[in-house]
Amino acid sequence: CALPICVFNLARRHQLEAGSTAGQAVAVLNVQEDASSGLAGIAFPVPRAELARLDSRELLYRRAEGVVAHDFYSRETSQPVVLYVGLTADELESALPYIFREVALKGFRGLLHDDLLPDDTYLTLCLQGAFSWGEAFGADFLQTTYLADGQTTLEAYLGMEEVERRLNEDIEEYIRTR
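Here the structure is a predicted model, which is why all the values come from computation and not from measurement.

1. Notes on the packing of aromatic side chains
- Going through the model one piece at a time under the given rule, you end up with two aromatic pairs.
- Summarising the aromatic geometry, the rings of F72 and Y73 are spaced 4.9 Å apart at their centres and angled 85° between planes, so their arrangement reads as edge-to-face.
- Given the relative accessible area of 7%, F72 is considered buried.
- Linked through ring pairs, F72, Y73 and F137 together constitute an aromatic cluster.
- Positioned above the aromatic ring of F72 is the side chain of R75, whose terminal nitrogen or guanidinium carbon lies 5.2 Å from the ring centre.

This is the structure:
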């Protein structure tokens, strides 16, 4: 059963280059260690035998096991979770030959940037997913998710009118082709 959780000492930023839209490079979310931050997420069971498959899908990230998680609503400590934390710029640099070989078909360049904007439809998908867990969870996502600059929250970037528009947007085709 999936559960909303929060973890501390991690930050979520749109800084992982994921191709381009209309000739402009765009980013998807990246999670990195940050002692002054925390974020909410959804914990779901994955059989231990399936972790290797998940590792191959998440190759721009490293698996972190035993991460202390807290129930999103009560903040009580839950059982430890496995998270995928973004590789640092140095780790990406040293892994580039492997990463380029493995993800070239997906169109990822696999580079971190501080000046990219989120991929538009991907951002809408993330917003709809966050708000599907309730208003409080969605609001937390807006307040703890940053643009690539690490300073601007999604709440400040979008404004609530734009968030509402995106929550009502039909992205079924995008989801079907992912």
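2. Quick word on helix α3 (residues 120-131)
- Between the first and last C-alpha of α3 there are 17 Å, a value that for twelve residues agrees with the 16 Å anticipated at 1.5 Å per step.
- Inspection of α3 places Y122, L123, T124, C126, L127, A130 and F131 among the buried residues, and these make up the whole buried set.
- Lining the buried residues of α3 we find β1 (3-21), β2 (24-43), β6 (117-118), α4 (135-144), α5 (154-167) and α6 (172-176).

3. Structural notes on the environment of E17
- In this structure, E17 sits in strand β1.
- Residue E17 is classed as buried on the basis of its relative accessible area, which comes to 4%.
- Considered as a pair, E17 and L29 are twelve residues apart in the sequence and their alpha carbons are 9.0 Å apart.

4. Topic: the pattern of salt bridges
- In the structure shown here, the tally under the stated rule is eleven salt bridges.
- A salt bridge links R62 to E33; its shortest N-O distance comes to 3.3 Å. One end of the pair, R62, is in strand β3 (residues 61-67); the other, E33, is in strand β2, with 29 residues separating them in the sequence.
- Accessibility expressed as a relative area gives 27% for R62, which makes it partly exposed.
- Classification of E33 as exposed rests on a relative accessible area of 57%.

About the thresholds
Residues numbered from 1 in each chain as written. Predicted model: local features only at pLDDT ≥ 70, side-chain atom pairs only at ≥ 80, totals over all residues. Heavy atoms only, no water. Phe/Tyr/Trp six-rings, centres within 6.5 Å; stacked < 30°, edge-to-face > 60°. Buried < 20%, exposed > 50% of the residue type's maximum accessible area, 1.4 Å probe, protein only. Lys NZ or Arg CZ within 6 Å of the ring centre and 35° of its normal. Helix = DSSP H or I, 4+ residues; strand = E, 2+ residues; numbered from the N terminus. Expected span 1.5 Å × (residues − 1). Contact = heavy atoms within 4.5 Å. Salt bridge = Lys/Arg side-chain N within 4 Å of Asp/Glu carboxyl O.

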